[in-house]
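One letter stands for each residue in the lines below.
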Amino acid sequence: MSLMTYTPPLPPFAGICTFARMPFQPTPSAVDVAILGVPYDSSTSYRSGTRLGPRALREQSLLLWGYNNALQISPFTALTVVDAGDVSVVPVDILATHRAIESTAESWLNAGAKLITLGGDHSIALPLLRRHAAVYGPLAVLHFDAHPDTWDSEYPGQKYSHGTPFIRAMEEGLIDREAYIQLGIRGPTSGPQDYVDALHLGARMITMDEFRQRAMADVIAEIRQRIGTRPLYVTFDIDGVDPAFAPGTGTPEVGGFTSYEVLQLVRCLVGLNCVGFDLVEVSPPFDPTAITSILGANLVFEFLSLLARSRQSSPAGL
Ligand code: MN
Ligand code: MN
């Protein structure tokens, strides 16, 4: 063998880091899936750091070998996947940031791609829901979180922050009230009204207490029944997971899901009409062993696998 032609594949720890070493493609095009970073954390209410989330998730994605044994699919082979880079966020201006997210998301969705967005704090879900609802109509939303994020405002007069995206989305008619499910809600609040307000908005709130009291198969059956054939947007706040498994986040709440439980809950969506995903609130400064971003990268792998399975079962494509 000539040394001139000897080009072994790069090992996972080498090379320039995109998500799972997928091609860097910042210009919207007709790929199956674009993975988009939103390094914005100026609307967190406690400790920040999620602006570094997309970078950490990309780094920890390098160990995703490619075949999903649980869902029996190789998403990177079944789909054309690109890393779309990061949105041009404006750290001092949430409205300008939201406009930039909407503009970027709209371009990709118009090109025919599906988006998996890496946060960033949870405020970024609102502009993403706007663009997805513009394409698909009111969305079924599966919302993993310790917190309902349906406060009217966290700071007087401020309508937009990481604790308000879902009240705004409900007000704007982006979510189908019959199919808005919150999973993993727990922890102290300022009073009972916090949960009452979320329920009045129409959320089906499955608290951690309820989840622990029921069989997982029963919860999964309810989720699938409520969503049915609606277009489904999955928004995953990593603080839905217990801080023992995901400490790298800004507002941790003890008593949450295990890593394995959330993998199972995401996999149970196979066959549903998934149209978009986000994975938010990973804060690398509080994640010294990278355990949180490893889990986050694996959740993105599950999202990709769901999209790959949808394509497999529908000859017309995604
Ligand atoms: Mn949360
Ligand atoms: Mn949240």
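Residues numbered from 1 in each chain as written. Chains lettered and ligands numbered in written order. Predicted model: local features only at pLDDT ≥ 70, side-chain atom pairs only at ≥ 80, totals over all residues. Heavy atoms only, no water.

We now examine helix H8 (residues 216–227). In a regular helix each residue adds 1.5 Å, so 12 residues correspond to 16 Å; H8 covers 17 Å between its end C-alpha atoms and thus fits that length. Those residues of H8 that sit buried are Val-219, Ile-220, Glu-222, Ile-223 and Ile-227. An end-on view of H8 places all buried positions within 160° of arc, on one side of the element. The exposed set on the far side of H8, more than 90 degrees from its buried face, consists of Ala-217 and Gln-225. Turning to H8, the residues buried within the fold contact strand E4 (139–144), strand E5 (175–185), strand E6 (204–207), helix H7 (208–213), strand E7 (232–237) and helix H9 (259–267). In the stretch just after H8, Gly-228 is the one whose phi turns positive, near 55°. (Helix = DSSP H or I, 4+ residues; strand = E, 2+ residues; numbered from the N terminus. Expected span 1.5 Å × (residues − 1). Buried < 20%, exposed > 50% of the residue type's maximum accessible area, 1.4 Å probe, protein only. Arc of directions from axis to C-beta. Contact = heavy atoms within 4.5 Å.)

Another aspect to go through is the packing of helix H3 (residues 94–110) against helix H4 (residues 125–136). As a packed pair, H3 and H4 sit with axes 8 Å apart at the nearest point and diverge in direction by 35°. The handedness of the crossing between H3 and H4 is right-handed. In contact with His-98, Ile-101, Glu-102, Ala-105, Glu-106 and Leu-109 of H3, H4 contributes Pro-127, Leu-128, Arg-130, Arg-131, His-132 and Val-135. Taken together, the residues of the contact of H3 with H4 break down into 6 nonpolar, 2 polar and 4 charged. (Axes fitted to C-alpha atoms, helices over the stretch in contact; angles between N-to-C directions. Left-handed = near helix turned anticlockwise from the far one by under 90°. Nonpolar A, V, L, I, M, F, W, Y, C, P; charged D, E, K, R; others polar.)

All right, on to the pairing of E6 then. Of the two faces of E6, the one holding Arg-204 and Ile-206 and the one holding Met-205 and Thr-207 are both buried throughout. In this structure, E5 lies alongside E6, joined through 4 bridges in parallel fashion. Bridge pairing links Leu-183 to Ile-206 in E6. For the crossover that starts at E5, traverses helix H6 (residues 193–201) and ends in the parallel E6, the hand is right-handed. (Pairing = 2+ DSSP bridges. Right-handed = clockwise from strand over helix to strand, strands pointing away.)

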